[in-house]
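Listed below are the residues making up each chain.
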Amino acid sequence: MARLLARWRPGRAAALLAALAVLVGTVLSLAGSQAASGPVGNAAYTAATAADAGTPPAIDCTAVAKLDLAAIPGAPTAITSAKVMAADANSLGKWAACDVTGLVAPQIQFELRLPLTGWQQNYLQVGCGGNCGSVNLNNVPAAADCTPLTDGGFAVATNNEGHFNGSGVFATDPTLRVDFGYKADHEVAVAAKEIIKRFYGRAATHSYFSGCSQGGHQALTEAQRYPKDFNGIVAGAPANNWTALNVFAHAWNAQAVYSDNGRATLTTPDLAPLHAAVLKGCGATDGVITDPLSCTWDPASIKCAAGQTSAPDDFCLNAAQVKTLHKLYAGPHDENGKLLYPGWQLLGSELNWDVIVPATADTPSGDQNFVKETIRYMVFPNARPTLTYKDVKFTSAYFNNLLRLNHATYDATDPDLSAFKAAGGKLILWHGLGDQHIPAVGTMAYYKAVSKTMGGTARTESFARLFLLPGVAHCGGGQGPNSFDALSAVMDWVTAGKAPASLVTNRLGTDGGTVASRPVFPYPYIAVNTTGGPADRASSYTKQLSTAERDVRVDYLGGFRSGYETVSSWIDGKWVTRPGKS
């Protein structure tokens, strides 16, 4: 098959199509008939493609390396390599690909895998994590067992967000700061779509984006700034409130934890007994708190009595630990009690706090390192290489100054998604309620702001829905079922108008088999075991309104508004910034 495809030339179309039909035992549809039916989601994918081997390439893989892409508007591109990737070497599924690497000016590195067979005219772009800085196309978040992905129905790409390592030092350059802030994914989408068009001789019919954490930030940036780039978007645990998260939320946690003369009041050995106490206090009987906002457990309830020392079989908290936990569960506040990030650590997330608390009292935490890279290189106009988490001030003046400097470039908090909706776009947001890096309340607050701006729940749910996963940590893991397929759900929504009424999440055992499953419903509904059936079976659960989620109040100093964005670029040798989204 690969050898036949390697010899493909437009003039041999009929002969090659016939050979392909014999080899796969199916009747191929020509590009025109496929365009008429269009790509489909996972629900109908197998039946629709049983007699269709997809759109074949129109040129050799090796010819991609010779494409002249310098004239792509706004995204001059150079291909650095184009090689055939064997099916057994492909981490995304068992499909052979033309694996393309390239560069969008000035230094946005990308990888694009083009299926050699089975392409159903879908394009998928994948986000990255942290500060990015590398090209990693080894997995797609929230796409467990997504047949179009594992069968080669997508051309798939990702990029490094315009820089070469995970340090924040790149942001001392204004061009690279903008590429990371909002521009890189758009330009890669433009370049990848052009390469796809030339490789297959036709454009992709539908385009999708999936990302988690910084990838979720990228996803919402695309929906807000470039609403026509993608038909369907899956945004997981989005770091879209980037400035407030990476400065104030992480620094607040670090200062709360390291309050014992620079030593940590809590360490990882404390997390298991603390978590057990929280589960007991919240009445959770299956190891997961379904509705953490409804629980009012207070860490002071297990404060050590006078003369008592905490022990493994008699765990209690000292006064400093109680104070630390009150701060973690409250979130960062200014001098007037207003939140400096629209969220806080939720009850039941404690087992996942490896980034918040260190292994020993005298070692640094992940939060310390996040803050260090951010405030030294990324938020001020010039590098301040001596700053640490200790230098962050939780005042309205300090907050407003940092937002003035960075909000317009880094943050994706605009609640007006009317252009995305008008373009027919569909958005699935998801977040683990046990997330230790990015508190899930921040995503609830953003979604509530979108609903208000877009005219209410019904109008918002017609194109955007939020799913909250009990017990699930940052982008996966944790104590709750965390394996699910939102990518197929958004495909079905885009192509068949089938909005997801629920998603089924699974917990996998060491052998890859499902050991527990649970449905999740669109916010603010939760899954409650009202049947008395086994807690590890999805069939035991029914849909129930969470009044705690619906009524959650987030008094955030930054708020959510439109019109804050700016666009910056070099014009006639000068760095020019103007209002606007793109």
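Quick notes on the rules
Residues numbered from 1 in each chain as written. Predicted model: local features only at pLDDT ≥ 70, side-chain atom pairs only at ≥ 80, totals over all residues. Heavy atoms only, no water. Helix = DSSP H or I, 4+ residues; strand = E, 2+ residues; numbered from the N terminus. Buried < 20%, exposed > 50% of the residue type's maximum accessible area, 1.4 Å probe, protein only. Contact = heavy atoms within 4.5 Å. Areas by Shrake-Rupley, 256 points an atom, 1.4 Å probe, with all protein chains shown as cover. Disulfide = S-S within 2.5 Å. Core = buried A, V, L, I, M, F, W, Y, C linked by side-chain atoms within 4.5 Å. Axes fitted to C-alpha atoms, helices over the stretch in contact; angles between N-to-C directions. Parallel < 35°, antiparallel > 145°, perpendicular 65-115°, else oblique. Pairing = 2+ DSSP bridges.

Draft legend 1. Local environment of the overall build of the protein chain. The number of helices and strands found in the protein chain is 18 helices and 15 strands. The burial tally for the protein chain puts 56% of its 582 residues in the buried class. Residue pairs in contact within the protein chain that sit at least 24 positions apart in sequence constitute 70% of those at least 6 positions apart. When the accessible surface of the protein chain is totalled, it reaches about 22,500 Å², and 53% of it is carbon and sulfur.

Draft legend 2. Geometry of the state of the cysteines. Across all of its chains, the model carries five disulfides by this definition. Covalent S-S linkage joins Cys61 and Cys98, the inter-sulfur distance amounting to 2.2 Å. Around the S-S axis, the bridge from Cys61 to Cys98 shows a dihedral of about 80° and counts as right-handed. Of the two residues, Cys61 is situated in helix α5 (residues 61–64) and Cys98 in strand β2 (residues 97–104); the sequence distance between them amounts to 37 residues. A residue is classified by how much of its surface remains accessible, and Cys61, at 6% relative accessible area, is buried. The connectivity of the disulfide bonds within the protein chain can be written as 1-2, 3-4, 5-10, 6-7, 8-9, using the sequence rank of each bonded cysteine. A disulfide-free cysteine, Cys146 has its sulfur positioned 16 Å from the sulfur of Cys212, the nearest such atom. The exposure class assigned to Cys146 is buried, which follows from its relative accessible area of 0%.

Draft legend 3. Spatial organisation of the nonpolar core. Counting 62 residues, the largest nonpolar core has Phe248, Trp297 and Val392 as its most contacted members. Going through the elements one at a time, α7 (174–200), α9 (242–257), α10 (271–282), α11 (319–330), α12 (366–378) and α13 (396–410) are the ones with two or more residues in this core. Top element by residues in this core is α9. It accounts for 11 residues. What Trp297 contacts, discounting residues up to four positions off in sequence, is Leu274, Ala277, Val278, Gly281, Cys282, Ile302, Tyr329 and Leu347. Judged by nonpolar contacts, the second largest core, of 59 residues, contains Val188, Ala235, Leu427 and Val441.

Draft legend 4. The packing of α7 against helix α8 (residues 214–225), seen in detail. Two elements in contact, α7 and α8, have axes separated by 9 Å at closest approach and are oriented at 70°. By the angle between their directions, the pair α7 and α8 is classed as roughly perpendicular. Counting all contacts with α7, which are made through Phe180, Gly181, Tyr182, Asp185 and His186, the residues of α8 involved are Gln214, His217, Gln218, Thr221, Glu222 and Arg225.

Draft legend 5. Here's a closer look at the sheet that holds strand β8 (residues 426–432). Spatial strand order, β1-β2-β3-β5-β4-β6-β7-β8-β9: nine strands in an open sheet with mixed pairing. Of all the strands in the sheet, the pair left with one neighbour each is β1 (77–85) and β9 (464–469). Pairs of neighbouring strands in the sheet enclose a mean axial angle of 15°, with direction left out of account. When strand β7 (residues 232–236) meets β8, the two strands line up parallel, connected through five bridges. Among the inter-strand pairings, Gly232 is bridged to a residue of β8, identified as Lys426. Packing against the sheet, helix α17 (residues 486–496) makes contact with β4 (122–126), β5 (154–159), β6 (206–212), β7, β8 and β9, and its axis sits at approximately 160° to β8.

Draft legend 6. Region of the structure containing the side chain of Asn159. Within the secondary structure layout, Asn159 lies in strand β5. Residue Asn159 is classed as buried on the basis of its relative accessible area, which comes to 0%. With residues near it in sequence (within four places) discarded, Asn159 still touches Ile108, Gln109, Phe110, Gln125, Cys128, Ser134, Val135, Ala184, Asp185 and Val188.

Draft legend 7. Quick look at the pairing of strand β15 (residues 574–579). Taken together, the six bridges between strand β14 (residues 566–571) and β15 define a ladder with antiparallel strand orientation. Residue Ser568 lies in a different strand from β15, and its bridge partner there is Thr577. Between β14 and β15, which pair antiparallel one after the other, the connecting turn spans two residues, and Asp572 there sits at a positive phi close to 50°.

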